[in-house]
Amino acid sequence: MVEVETDLEASMLCVDSLFCERDDRILFEDLNFELKEGQVLQIKGSNGSGKTTLLRNICGLNVGYEGAISWYGDPIKECHEEFYSSLVYIGHRVGVNKVLTPLENLRWSSSLQQVITDDELLDALEKVGLRGYEGSQCFTLSAGQQQRVSLSKLLLSKAKLWVLDEPFTTLDAAGVKQLETLLKTHAGNGGAVMVTTHHTLSVPNLQVLELG
Amino acid sequence: MTAQTVTTFQAFKATLKRDLLIAYKRKNDMVNPFMFFLIVASLFPIGISPDPDRLAEIASGVLWISALLASLLAMDNLFRSDYEDGSLEQLLLSPHPLYFLVLAKNISHWLVSGLPVALVSPLVAYMLNLPGESYFTLFITLLIGTPVLSLLGSIGVALTVGLGSRGLILAVITLPMSVPVLIAGTLTVQQTLNGASLAGYLAILAAMLFAAVSFAPLASAAALRISVK
């Protein structure tokens, strides 16, 4: 379904004849695509077309699908640890606890994947414009700032696959630009991104998948 | 750019620390079960009879039932806010076995809800005129029993966390599982008063604890995967 331009890079994620229905309504069927290192895949589709469901299928949060999803050739269930060590998922609910501060949130969510120092954490928060807020509890922050807390995780993560569900919605213009730059850098370093958004992305090597 | 990978133990510690920090910042949640325990237990002398002899008879049951209700009251906090803000998804997507992360959450939850109840129980026992030689037994049974209640309750919470309106369903799932613990706990206190040796009863409670530690987080983890869809 997606045109593949560069065959040189290794195929990271391969989705083969994926089928998913919800409440007797077919969201997608016979969905095939491949994600290679260095690619950004934008998933488009109308509301309710199954974009979020597809992302959650791939992450293994929702396993109510048929078909095969493989990671570097192995089915995801058989390389559980490698896959989850290489994955960052940011969903609609951004995973930011409201009573904790940005620093404490970031410390926990990063520490599930890698050992990280407080200096690196503060550095990441500074880069997303939250310097000065690291000690405030998150319920005092705006939705966009909370989104930035979750996105700061991307700056620290060494994961190869980023799965982002509507990451642009609450960001301001500068934030959007910064995130685009981040996606570019990540793809340039051999990472891959799956992102759902209605926003027009200006990223090289962009693939688009239309659902519904 | 190879990142230093995190051992499961480090992830366990980080999760434990995070949950304790959250509990510390939400002092209401921390104090509620404890206060509830005190209030329920102190209502019995008013409602039944202030007669010391009658109170002494029912004291162990009253204390255990109050502890059970307090534990139930506190249960809902365990996964709810994590479910609502998406942290639970992050937990499920970590490369570590979910068993240990759920166990960390259970331990933190018990430290702020079950342990204070166990610690204050001798004081309430004094109020209810429980014979003095039983204080230690009561304390030990609650110390072993409340973590079992937390672990079992965690399964019920994990199953119901995705439901919009839960009402009493958590109690309906959790209480039947808790009954054996309640029986073992009160029996221990009563029978040792009658001269039975403590060791045998404690062994039963301890066996319950070990079974719960081994299996309950597995069940909770599986239930969480179903709830988060």
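Residues numbered from 1 in each chain as written. Chains lettered and ligands numbered in written order. Predicted model: local features only at pLDDT ≥ 70, side-chain atom pairs only at ≥ 80, totals over all residues.

Comments concerning the overall build of chain B
Each helix and strand counted, chain B has nine helices and zero strands in total. Listing the helices and strands of chain B from first to last along the sequence gives α-α-α-α-α-α-α-α-α. Here the C-alpha radius of gyration of chain B, 19 Å, is about what a compact globule of 229 residues would show, namely 17 Å. For chain B, the C-alpha atoms occupy an extent of roughly 70 × 35 × 30 Å along the three principal directions. Within chain B, the proportion of its 229 residues that are buried is 46%. Partitioning the contacts of chain B with sequence separation of at least 6, the portion at a separation of at least 24 is 81%. (Helix = DSSP H or I, 4+ residues; strand = E, 2+ residues; numbered from the N terminus. Rg over C-alpha atoms; globule rule 2.2 N^0.38 Å. Buried ≥ 20, exposed ≤ 12 C-beta atoms within 10 Å, placed from the backbone. Contact = placed C-beta atoms within 7 Å.)

Description of the packing of helix α3 (residues 102–111) of chain A against helix α4 (residues 118–127) of chain A
Residue and element names in this part refer to chain A. The contact between α3 and α4 brings their axes to 10 Å, and the two run at 120°. When the axis of α3 is compared with that of α4, the two are oblique. The crossing of α3 and α4 is right-handed. Residues Pro102, Leu103, Leu106 and Arg107 of α3 form the contact with α4, whose own contacting residues are Leu121, Ala124 and Leu125. Counted by class, the contact of α3 with α4 contains six nonpolar, no polar and one charged residues. (Axes fitted to C-alpha atoms, helices over the stretch in contact; angles between N-to-C directions. Parallel < 35°, antiparallel > 145°, perpendicular 65-115°, else oblique. Left-handed = near helix turned anticlockwise from the far one by under 90°. Nonpolar A, V, L, I, M, F, W, Y, C, P; charged D, E, K, R; others polar.)

Regarding the UniProt feature "transmembrane region" (unreviewed entry) in chain B
Residue and element names in this part refer to chain B. What UniProt calls "transmembrane region" (unreviewed entry) maps, in this numbering, to residues 30–48, 54–74, 110–129, 135–161, 168–189 and 201–224. Strand forms 0% of residues 54–74 and helix 100%; the C-alpha atoms that close the span are 30 Å apart. The span residues 110–129 shows a helical share of 90% and a strand share of 0%, and its end C-alpha atoms are spaced 27 Å apart. (UniProt positions renumbered as here; feature names shortened; annotations may be inferred.)

A short note on the sheet that holds strand β5 (residues 74–75) of chain A
Residues and elements named next belong to chain A. Pairing within the open sheet is antiparallel, and its four strands lie in the order β2-β1-β4-β5. Of all the strands in the sheet, the pair left with one neighbour each is β2 (25–36) and β5. Sheet analysis places strand β4 (residues 66–71) next to β5, joined by two bridges and oriented antiparallel. Residue pairing for β5: Trp71 is matched across the bridge by Asp74. Against the sheet, helix α1 (residues 51–59) touches β1 (11–22), β2 and β4, its axis set at about 125° to β1. (Pairing = 2+ DSSP bridges.)

Side note on α3(A)
By the criterion of burial, α3(A) is predominantly enclosed, with nine of the 10 residues buried. Among the residues of α3(A), A:Pro102, A:Leu103, A:Glu104, A:Asn105, A:Leu106, A:Trp108, A:Ser109, A:Ser110 and A:Ser111 are the ones counted as buried. Looking at the buried residues of α3(A), the elements they touch are α4 and α5 (143–156) of chain A together with α1 (8–25) and α5 (87–92) of chain B.

A word on the environment of A:Leu121
Locating A:Leu121 in the fold gives a position in helix α4. C-alpha separation for the pair A:Leu121 and A:Cys138, spaced 17 residues apart in sequence, amounts to 16 Å.

With respect to the nonpolar core
A:Leu87, A:Val163, A:Val193, A:Met194, B:Leu63 and B:Leu128 are the most contacted members of the largest nonpolar core, which totals 118 residues. No other element matches the 12 residues that helix α7 (residues 135–160) of chain B contributes to this core. Residues within four places of B:Leu128 in sequence aside, it is in contact with B:Ala41, B:Phe44, B:Pro45, B:Leu55, B:Ala59, B:Val62 and B:Leu63. (Core = buried A, V, L, I, M, F, W, Y, C linked by C-beta atoms within 7 Å.)

With respect to the sheet that holds strand β6 (residues 87–90) of chain A
Residues and elements named next belong to chain A. As summarised here, the arrangement of the five strands in space is β6-β7-β8-β3-β9, forming an open sheet in which the pairing is parallel. Two strands lie at the open edges of the sheet, namely β6 and β9 (206–210), each paired on one side alone. Taking each pair of neighbouring strands and ignoring which way they run, the sheet shows an average axis angle of 15°. Looking at chain direction, β6 and strand β7 (residues 161–165) are connected through four bridges and run parallel. From the neighbouring strand, Tyr89 faces β7, where its bridge partner is Val163.

Some details on the interface of chain A and chain B
At the interface, 26 residues of chain A touch 26 residues of chain B. Those elements giving two or more residues to the side of chain A that touches chain B turn out to be α2 (80–85), β6 and α3 of chain A. Ranked by residues supplied to the side of chain A that touches chain B, first place goes to α3(A) with four residues.

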